[in-house]
Amino acid sequence: MQINDPDGIVVRNYNVGDNFIATFDEAKIVTSMIACSGGSLLHNEELNNLEESRLKLVQRLYPSIKVSARPLDYFEKDTPTVVYIDRLKTRNPYVFVALFNYKDEKVNKEVKTSNFNLKRGIIIRVYDNKVLGISDSIKDTLNPHSSELYLIIPIPRKPEFLYSDINVTLGRELFFL
């Protein structure tokens, strides 16, 4: 993924003359791809005309993670459906994972935490801030033409900050620099 040529973030569900209207799930694909690029961000929307849910998608992209995602299934698929950013060596460790479904039907996905050198972790789905639990895998069903973002947080040895809904990294990049 390139970090020097930002594409415009387009998540609107109304026509501005270009015949582009995104479903909410398609808007999640766009924001997931941008979040995983690690590069510059450029919104291309009339923000005052966006629905609240779509505006939140755009707002949570800031600030950029500044690290590009790597595909996990690069040699298995024509287009990667699992990408990740390994932040386990940071002061506030986590793995950022994006799952994509480009198909016209729902898809069940399972990704083992062992792919990221973790036995288990706290799994959080980012878009709805839902803690899915402590597990050795991400298991979820993706809608057609959709994406979901997840954080896998190593199980801490003592109480610590878990997350905030401030951005796509759930605050883990912001509060522990």
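Our subject is the structure that appears above.
Quick caveat: nothing in here was measured; it's all calculated off a predicted structure.

A. Inspection of the overall build of the protein at higher detail. In terms of regular secondary structure, the protein is built from two helices and ten strands. The secondary structure elements of the protein, listed N-terminal to C-terminal, are β-α-β-α-β-β-β-β-β-β-β-β. Here the C-alpha radius of gyration of the protein, 16 Å, is about what a compact globule of 177 residues would show, namely 16 Å. Along the first, second and third principal axes, the C-alpha set of the protein runs to 55 × 35 × 30 Å.

B. Structural view of the nonpolar core. Counting residues in each nonpolar core, the largest one holds 31 residues, and the members touching the most others are Leu61, Phe96, Leu149, Leu151 and Val168. Sorting the residues of this core by element identifies helix H1 (24–37), helix H2 (52–59), strand E4 (82–86), strand E5 (95–101), strand E7 (121–125) and strand E10 (146–153) as the ones contributing at least two each. For this core, the element with the highest residue contribution is H1, accounting for five residues. With sequence-adjacent residues up to four places away left out, Leu149 is seen in contact with Ser32, Phe96, Val97, Ala98, Ile124, Arg125, Val126, Tyr127 and Val168. With 13 residues, the next largest nonpolar core counts Val82, Val95, Leu99 and Phe116 among its residues.

C. Representation of the packing of H1 against H2. It is at 10 Å that the axes of H1 and H2 come closest, and there the two elements cross at 10°. Taken together, H1 and H2 sit at an angle that is classed as roughly parallel. Mapping the contact onto sequence places Phe24, Ala27, Lys28 and Thr31 in H1 and Ser53, Arg54 and Leu57 in H2. Of the residues belonging to the contact of H1 with H2, the class tally is three nonpolar, two polar and two charged.

D. Quick look at the side chain of Arg12. Assignment of secondary structure puts Arg12 in the loop between strand E1 (8–9) and H1. Overall, Arg12 belongs to the buried group, its relative accessible area being 5%. A polar side-chain atom of Arg12 sits 3.4 Å from the main-chain carbonyl oxygen of Tyr14. Not counting chain neighbours up to four residues away, the residues in contact with Arg12 comprise Asp18, Phe20, Ile21, Ala22, Asn44, Glu45, Leu50 and Arg54.

E. Inspection of the pattern of salt bridges at higher detail. For the structure shown, the criterion picks out seven salt bridges. The partner of Glu110 in a salt bridge is Lys112, and the shortest N-O contact between them spans 3.3 Å. According to the relative accessible area criterion, Lys112 is partly exposed, its value standing at 37%.

F. Examining the packing of aromatic side chains more closely. As enumerated under the stated definition, the model contains three aromatic pairs in all. Both rings, one in Tyr74 and one in Phe75, keep their centres 4.9 Å apart while their planes meet at 80°; by these two values the pair is edge-to-face. As far as burial versus exposure is concerned, Tyr74 and Phe75 are alike and both exposed.

Criteria and thresholds
Residues numbered from 1 in each chain as written. Predicted model: local features only at pLDDT ≥ 70, side-chain atom pairs only at ≥ 80, totals over all residues. Heavy atoms only, no water. Helix = DSSP H or I, 4+ residues; strand = E, 2+ residues; numbered from the N terminus. Rg over C-alpha atoms; globule rule 2.2 N^0.38 Å. Core = buried A, V, L, I, M, F, W, Y, C linked by side-chain atoms within 4.5 Å. Buried < 20%, exposed > 50% of the residue type's maximum accessible area, 1.4 Å probe, protein only. Contact = heavy atoms within 4.5 Å. Axes fitted to C-alpha atoms, helices over the stretch in contact; angles between N-to-C directions. Parallel < 35°, antiparallel > 145°, perpendicular 65-115°, else oblique. Nonpolar A, V, L, I, M, F, W, Y, C, P; charged D, E, K, R; others polar. Polar contact = N/O pair within 3.5 Å; in protein donor to acceptor, adjacent residues only side chain to side chain. Salt bridge = Lys/Arg side-chain N within 4 Å of Asp/Glu carboxyl O. Phe/Tyr/Trp six-rings, centres within 6.5 Å; stacked < 30°, edge-to-face > 60°.

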